[in-house]
Amino acid sequence: MIGYYVHHQGSGHLNRVRTIAAHCPFPVTGLSSLPAPDDWPGDWVRLPADDDGDPAAFRDVRAGGHLHWAPLRHSGFRGRMAAIAQWIATAAPRLLVSDVSVEVALLARLLGVPTAVAAMRGERTDPPHQMAYDLADLLIAPWPASLPEPGWPERWYAKTVHTGAFSRFDGRPLLPPAGEPTSGTRPRRALLLLGSGGTDISPGEVKAAQEATPAWRWTTLGGPDGGWAADPWPALCAADVVITHAGQNALAECAAARRPAVVVPQERPFGEQTATGRALARGRLAVVTHGWPDAEEWPALLGRARALGGDGWTRWAPGDGGARAAAALAHAASWESGL
């Protein structure tokens, strides 16, 4: 039995656990304040929210800089940690995966459970991250070893499995673009793929980019003003260029479709997306910008991305990252691993 803590912000953590659980030889119990996915194969423990209520009433959430989120006298946080502890006491899991919470990783280790942490790019040398990464028995890095995160200490690399990026679309056949004309030209298709974790991009900026690129037909999925698709795979496959942020899940889905991309890193804690953008630029996998470009820059950016192509994504997302992650977790959970 493996426990897998799923952070509720955005959709990437949830999609990641679904992919891993599909390959894992052990039962996986999800622990999250998110509801269980319809296709979840095992048990799911629904946790109380730990960020509801008046933010002004939260006190010392960082515990003097030693933790990331531990608000004093918050009933949801107390109930959340108690529910995880009760599940551990009852289920006696062989391993708990934190994706991601320093506090959950620490709680599991204090209860004598081996831990794995889903690693994140960016500046992770603050005391809470150092503690979680140091205490973990295994770090899962969903990026290739050929594009490492600079500045990590050797002790972290020694227990890291680089799986490459992975998504729910790995192994899914590519779809031919629908409605492709047999002669003449058609507008190129630009897909603006935004996440559910918030965006720095305004509707006015998107409109200006569209108006500056009349040879391109834009579609927006996600974000406050975009459409929603339960299955964005057809739209991904149909796109001549995908414009997206640098979140792990969005990039993994774009990479699975092998589509050319313009990547616009968003402001995130610890500079996560900025660091990911640097790695993509080093590997020449996508056109990476610094902030949302001015409208007049978009014709050249889309042309550069299309010329670069999407074949380089095989380096970022080899297609079996979910299976690699599941195998690493299974090994860490086995008695033979010595844990």
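Owing to the predicted nature of the structure, the values given are computational and were not obtained by experimental measurement. (Residues numbered from 1 in each chain as written. Predicted model: local features only at pLDDT ≥ 70, side-chain atom pairs only at ≥ 80, totals over all residues. Heavy atoms only, no water.)

A. How the structure looks around the pairing of strand S1 (residues 2-6). Among the 5 residues that make up S1, 5 are buried, leaving the element largely enclosed by the rest of the structure. Residues Ile2, Tyr4 and Val6 line one face of S1 and the alternating positions Gly3 and Tyr5 line the opposite face, and both faces are buried. Direction of pairing for S1 relative to strand S2 (residues 28-32): parallel, over a ladder of 4 bridges. Opposite Tyr5, over in S2, you have Leu31 as the bridge partner. Between the parallel pair S1 and S2, the chain is carried across by helix H1 (residues 12-23), and the sense of this crossover is right-handed. Pairing between S1 and strand S4 (residues 95-99): 5 bridges, direction parallel. Directly across from Tyr4, in S4, lies its bridge partner Val97. (Buried < 20%, exposed > 50% of the residue type's maximum accessible area, 1.4 Å probe, protein only. Helix = DSSP H or I, 4+ residues; strand = E, 2+ residues; numbered from the N terminus. Pairing = 2+ DSSP bridges. Right-handed = clockwise from strand over helix to strand, strands pointing away.)

B. Up close: the layout of surface pockets. In this model, the second largest pocket occupies a volume close to 250 Å³. Across the lining of the second largest pocket, the residue classes break down as 6 nonpolar, 6 polar and 4 charged. (1 Å grid on protein atoms, 1.4 Å probe; cavity = no way out; pocket = protein on both sides within 12 Å on 5 of 7 lines; lining within 4 Å. Points joined across faces, edges and corners; volume = space filled by probe spheres on them. Nonpolar A, V, L, I, M, F, W, Y, C, P; charged D, E, K, R; others polar.)

C. Representation of the sheet that holds strand S6 (residues 138-141) in the model. One open sheet holds the 7 strands; their spatial order is S3-S2-S1-S4-S5-S6-S7, and the pairing between them is parallel. Every interior strand has two partners, whereas the edge strands, strand S3 (44-46) and strand S7 (160-162), have only one. Pairwise comparison of adjacent strand axes, ignoring direction, gives a mean angle of 20° for this sheet. Pairing between S4 and strand S5 (residues 115-118): 3 bridges, direction parallel. Within the sheet, the bridge partner assigned to Val97 lies in S5 and is Ala116. Docked against the sheet, H1 engages S1, S2, S3, S4 and S5, running at close to 160° with respect to S1. Across the sheet, helix H2 (residues 75-91) lies against S1, S2, S3 and S4, angled at about 165° from S1, the strand it touches most. (Axes fitted to C-alpha atoms, helices over the stretch in contact; angles between N-to-C directions. Contact = heavy atoms within 4.5 Å.)

D. Main features of the sheet that holds strand S8 (residues 188-193). Sheet architecture is open: 5 strands sit in the order S9-S8-S10-S11-S12, paired in parallel fashion. Pairing within the sheet leaves two strands with one partner each, and these edge strands are strand S9 (216-221) and strand S12 (287-288). Summarising the sheet, strand S10 (residues 241-244) and strand S11 (residues 261-263) pair through 3 bridges and their orientation is parallel. Paired with Ile243 across the two strands is Val262, which belongs to S11.

E. Structural context of the packing of aromatic side chains. With the rule as written, the count across this model stands at 10 aromatic pairs. Pairing Trp218 with Trp298 gives two aromatic rings, centres 5.6 Å apart and planes at 75°, and the pair type is edge-to-face. Of this pair, Trp218 sits in strand S9 while Trp298 sits in helix H10 (residues 298-308); the two residues are 80 residues apart in sequence, bridging distant segments of the chain. Directly above the ring of Phe26 sits Arg94, whose terminal nitrogen or CZ lies 5.5 Å from the centroid. In this arrangement the basic side chain of Arg121 is found over the ring face of Trp143, its NZ or CZ atom lying 4.4 Å from the centre. (Phe/Tyr/Trp six-rings, centres within 6.5 Å; stacked < 30°, edge-to-face > 60°. Lys NZ or Arg CZ within 6 Å of the ring centre and 35° of its normal.)

F. Expanded view of empty space enclosed by the protein. Enumeration over the complete set of coordinates arrives at 2 cavities of 30 Å³ or more. Each pocket or cavity is described by its volume, and for the largest cavity that value is around 60 Å³. Taken together, Tyr4, Arg16, Ile20, Val97, Val117, Ala118, Ile140, Pro142 and Leu329 make up the lining of the largest cavity. Within the residue set of the lining of the largest cavity, elements represented by two or more residues are H1 and S5. Tallied by class, the residues present in the lining of the largest cavity amount to 8 nonpolar, no polar and 1 charged.

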